[in-house]
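Observations on the three-dimensional arrangement
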Amino acid sequence: MSAHAKRKRSLVGVELVRLLVREGDRVFTTDRARELAPLVGLNDAYVCEALHHLRRNGWIVSLRRGLYALASTVPGGISVHEFEVAMALTTPAAISHWSAMHYHGVTEQVPRTVFVLTTTERSVPRMRAGGMTLRQGEYLAGDTMYRFVRVKPDRLFGTEYMWAHDARVVITDLERTLLDGLSRPRLCGDFAEVLHAFEAAADRVDVKRITEYAIRLGTSTAKRLGWVLAYCGCTSPEVGLLEELPTQGYRTLDPTGPRAGRCNARWMVQENLPGSGG
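Heads up: these notes are all about the structure in this document. (Residues numbered from 1 in each chain as written. Predicted model: local features only at pLDDT ≥ 70, side-chain atom pairs only at ≥ 80, totals over all residues. Heavy atoms only, no water.)

Attention shifts here to the state of the cysteines. As enumerated under the stated definition, the model contains 0 disulfides in all. Cysteine Cys232 is unpaired, with the sulfur of Cys234 as its nearest cysteine sulfur at 8.3 Å. Assessed through its relative accessible area of 31%, Cys232 is described here as partly exposed. (Disulfide = S-S within 2.5 Å. Buried < 20%, exposed > 50% of the residue type's maximum accessible area, 1.4 Å probe, protein only.)

What follows is the structure in structure tokens.
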């Protein structure tokens, strides 16, 4: 191919990027590129080649096979929010855990990883073999690390559409976010950070809703919630409902901590927090 032909094809590729910007396709698939290609005079047979050169020259970023995002340096474009990328990497998906805590303003810490709740019935992207060691469920897209947390389909609830800049995305609501912290505190910093989040959200939490959610998630989560609500001074009738839930044996308050500390007979939890006594 002559240098002139290569340059012409490269210019057509840039025109494709400009069209994607105008169409608002900040995250797009190869099929979408093929759909728009004729509008800029790009032959379908050269779409993949054009995408390859656009990626190599920094116009687009590869997220996974067949999925791309416009680079933040594209003129006239708006930077793609990492939550928007998460929605494209798998479906169903909801921003969750530490990322959701930060979104709801109940933690001052900014997580380096974007946490995404999805279901066990859906596949999540996997990294190709390389020099990077990743935890299970982690995926690097561009410069952002994503952590996919898979749950059974009947446990994907308590989500709502919200805005992250100008991207409309699905995020776990405040109540579900706090409960996920009780179940898997390490995905929210640690248990102390989760407890701080409950205190920060005390005047915003819908106690009836969070109680209903907790019962759906299981007795262990419900008993931990009861302890935390009592700790925060909540006197709603739902606290008594949680106390009356039947259970067998003590659960650790922090599920990631050792079996140590005082056993609280009211909530049937072992207070295994630092400084809680033994």
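In the structure shown here, the tally under the stated rule is 3 aromatic pairs. Their ring planes at 25° and their centres at 5.7 Å tell us that Phe28 and Tyr68 sit as a pair that is stacked. Taken as a pair, Phe28 in strand β1 (residues 27–29) and Tyr68 in strand β3 (residues 67–70) lie far apart in primary sequence, 40 residues in all. An identical accessibility class is assigned to Phe28 and Tyr68; each is buried. Centre to centre, the rings of Trp227 and Tyr231 are 5.2 Å apart; their planes meet at 10°, and the pair counts as stacked. With Trp227 and Tyr231 both in helix α9 (residues 219–231) and 4 residues apart, the pair spans about one turn of that helix. Under the relative-accessibility criterion, Trp227 is labelled buried at 10%. (Phe/Tyr/Trp six-rings, centres within 6.5 Å; stacked < 30°, edge-to-face > 60°. Helix = DSSP H or I, 4+ residues; strand = E, 2+ residues; numbered from the N terminus.)

Take the sheet that holds strand β11 (residues 262–264) next. The 3 strands lie next to each other as β10-β12-β11, forming an open sheet whose pairing is mixed. One side of each edge strand has no neighbouring strand; the edge strands of this open sheet are β10 (251–252) and β11. Both β11 and strand β12 (residues 269–271) contribute to a ladder of 3 bridges, which runs antiparallel. Looking at the pairing, Arg262 lines up with Glu271 of β12. (Pairing = 2+ DSSP bridges.)

Put simply, the second largest pocket is a space of about 290 Å³. Forming the walls of the second largest pocket are 15 residues, and the residues nearest its centre are Val61, Val80, Gly142, Asp143 and Thr144. For the lining of the second largest pocket, the residue count by class is 9 nonpolar, 4 polar and 2 charged. (1 Å grid on protein atoms, 1.4 Å probe; cavity = no way out; pocket = protein on both sides within 12 Å on 5 of 7 lines; lining within 4 Å. Points joined across faces, edges and corners; volume = space filled by probe spheres on them. Nonpolar A, V, L, I, M, F, W, Y, C, P; charged D, E, K, R; others polar.)

Grouped together as the largest cluster of nonpolar side chains are 31 residues, with contacts concentrated most on Leu178, Leu179, Leu182, Phe198, Ile210, Leu225 and Trp227. Counting residues per element, the ones that place at least two in this core are α6 (174–183), α7 (191–200), α8 (207–217), α9 and α10 (237–244). Residues contacting Leu178, with those up to four places away along its chain left out, are Val194, Ala197, Phe198, Ala201, Val205 and Ile210. (Core = buried A, V, L, I, M, F, W, Y, C linked by side-chain atoms within 4.5 Å. Contact = heavy atoms within 4.5 Å.)

A few words on the sheet that holds β3. Ordered in space as β1-β3-β2, the 3 strands form an open sheet in which the pairing is antiparallel. A single partner strand is all that each edge strand has here, and the edge strands are β1 and β2 (60–64). For this sheet, the mean angle separating the axes of adjacent strands, direction not counted, is 35°. For β1 and β3, the ladder comprises 3 bridges, and the chain directions are antiparallel. Note on β3: the bridge partner recorded for Val27 is Ala69. Its contacts with the sheet put helix α3 (residues 47–56) on β1, β2 and β3, and the angle it makes with β2 is roughly 110°. Seen against the sheet, helix α4 (residues 82–89) touches β1, β2 and β3 and runs at an angle of roughly 45° to β2. (Axes fitted to C-alpha atoms, helices over the stretch in contact; angles between N-to-C directions.)

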